[in-house]
Amino acid sequence: MNLINKINNSIGFSWHYAWLIVAIITIVQMIASSIRMSFGVLIDPLEVKYNWEQGHISMAYAISCLVTALTSPLAGYLGDIYGARKCMYAGATLFFLGAILTAYVSEIWHLYFSFGLILGLAQSILLVPLVPAAMIWFKRNLGLAMGIILSSWGIGPALSVLIVSLLINEIGWVGTFWSTGTLCTVLIFILAKIFQNRPEDKGLSPYGSTDEDKIEFSFQPSKEKVNEYSNYIKNTSSYWNMSAIHFLGCVGHAVILVYIIPICLIKDITLAESAFIFSVVSGLSSITRFFTPIFCEKFGIRSVMFFSYILQSLPVFILLFSSNLIFIYVFAIIFAIGYGGEAGGFAILNRRYYGFAPMGIPHGFQMLGAGIGMALGGWIGGAIFDLYDNYNFALLISILASLGGAVCILLLNRPNKLLIPEWVKN
Amino acid sequence: MNINIGLGSRLPIQFLIVFIISAIITIYLGASVAEMRIEERNASGSIGMNNSYNQLLDYKENEIWENGFLWACPLH
């Protein structure tokens, strides 16, 4: 009963402009990831139209992931300096440019440039500064806000795959990119118009703040202050270790997400059943992605993150040793809970460690770790299959990466005080 | 302004360990895959007196990433 009360209190809700900010960020994040996350449905039309090899086409996706990961710290820095609103305008312009150029690709390097470079850059500028921007709006109930934003990461791709594949069939390649590029850009511009960088810009205090809280965050730091503070943040071990933890977590689940269907097929599970197992993982993880930040606030960030990493790790042994369909479903359910919870605690940790300081740089660096982890995990499974004709060693790496992340979480600083308290006073 | 952040001087040991182990695994696996691809190419398409014209056309030199991994890995 006490547990239920705690959860109910944590999702207590009253109207505030901050919730509109969360809604805007959720929609922009869904849009920003739409074209890239629906890459799977773009492969076939390109292969048919230009006779390009699948490996060469997929390289555009890899470039896009890498560009997003490598430019994440820069995107976070730009968000701190210029504010998330200007980043939304810049990101939307790049998104439009990337989409229109992709509509007219005729050589493979055109695709690498438009889809890989431009849309990859647009994605980092639209995604990275927005999470720290949401954090500024919340003194309390940050977990609920983060839960809503993070769950959009699962819903966006699911919707975009359906819409993009439908559009390609109905209006063709060029029409799809013109329509999605134009509509999404106009929508982001409208949302950016309503968006406010800080509560003070709207004459408000952050959601759940009291009069004593105001001293911490009532100003927009200058470029010099942001640079100075980023140097202090980089001198804390948590800045580096959180990125390493996100990296390990992403290696751990990327191996599974990319290769779960081929692994199931090897175990003589039908393609339809394998796809359903993947859907169970995706669907269930969206739910835990929503609840994890709320649980982190209530029951301790490191504990919830530790158990998420353990739940992402240990069930992979089932996949390693069993071919029984019921056991595979048990794996899928437990793994999804862990996978959904993997990323949920980072924003709350950032808040506890760095307070209301400019958060773009640490968040960007964590996204760099995550992006490299996703790329490496995705690559490792294929490389190991090429070498050994099975995925066993890849599954072992997935288990060890998640366990390593769990151990690193235990070694993080206790999040019960600010790591740079004098920043607030100065 | 000079802020004493207390914990700041501590080395990020976990980060360094994760970085080094990940780099070792990546380089070793990348070099293994590169070696396997090169051996496969050599076995199927080695240039010799008996090669057909098509086999000669299919012959490919090592790719940059293959040479890069082999150069970086001391075990390959």
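These remarks concern the structure in this document. Not measured: the values here are computed from a predicted model.

1. Concerning the overall build of chain A
Along the backbone of chain A there are 19 helices and zero strands. Based on the C-alpha atoms only, the size of chain A along its principal axes is roughly 60 × 45 × 40 Å. Looking at chain A as a whole, 56% of its 426 residues qualify as buried. In chain A, of all internal contacts separated by at least 6 residues, the share reaching a separation of at least 24 is 85%. Accessible surface, chain A: about 17,200 Å² in total, of which carbon and sulfur atoms supply 68%.

2. Remarks on the layout of surface pockets
In this structure, the second largest pocket spans a volume of roughly 470 Å³. Together, 24 residues line the second largest pocket, and A:Leu248, A:Leu400, A:Ala401, B:Ile21 and B:Ile25 are the ones closest to its centre. If you list the elements that add at least two residues to the lining of the second largest pocket, you get α11 (237-266), α17 (360-388) and α18 (392-410) of chain A together with α1 (13-45) of chain B. It is α1(B) that provides the largest number of residues to the lining of the second largest pocket, a total of ten residues. Classifying every residue of the lining of the second largest pocket by side-chain character gives 20 nonpolar, four polar and no charged.

3. Remarks on the pattern of salt bridges
Residues and elements named next belong to chain B. Evaluation of the coordinates by the stated rule reveals four salt bridges over all chains. Note that Glu66 and Arg37 form a salt bridge whose closest N and O atoms lie 2.7 Å from each other. Of this pair, Glu66 sits in helix α3 (residues 64-72) while Arg37 is found in helix α1, placing the two residues 29 residues apart along the sequence. In this structure Arg37 comes out as partly exposed when scored by relative accessible area, which is 29%. Among the salt bridges present, the one from Glu66 reaches Arg41, with a minimum N-O distance of 2.8 Å. Highlighted residues: Glu66 in helix α3 and Arg41 in helix α1, separated in sequence by 25 residues.

4. Topic: the environment of A:Asn231
Counting through the fold element by element, A:Asn231 comes out in helix α10 (residues 223-234). With relative accessibility at 47%, the residue A:Asn231 sits in the partly exposed group.

Quick notes on the rules
Residues numbered from 1 in each chain as written. Chains lettered and ligands numbered in written order. Predicted model: local features only at pLDDT ≥ 70, side-chain atom pairs only at ≥ 80, totals over all residues. Heavy atoms only, no water. Helix = DSSP H or I, 4+ residues; strand = E, 2+ residues; numbered from the N terminus. Buried < 20%, exposed > 50% of the residue type's maximum accessible area, 1.4 Å probe, protein only. Contact = heavy atoms within 4.5 Å. Areas by Shrake-Rupley, 256 points an atom, 1.4 Å probe, with all protein chains shown as cover. 1 Å grid on protein atoms, 1.4 Å probe; cavity = no way out; pocket = protein on both sides within 12 Å on 5 of 7 lines; lining within 4 Å. Points joined across faces, edges and corners; volume = space filled by probe spheres on them. Nonpolar A, V, L, I, M, F, W, Y, C, P; charged D, E, K, R; others polar. Salt bridge = Lys/Arg side-chain N within 4 Å of Asp/Glu carboxyl O.

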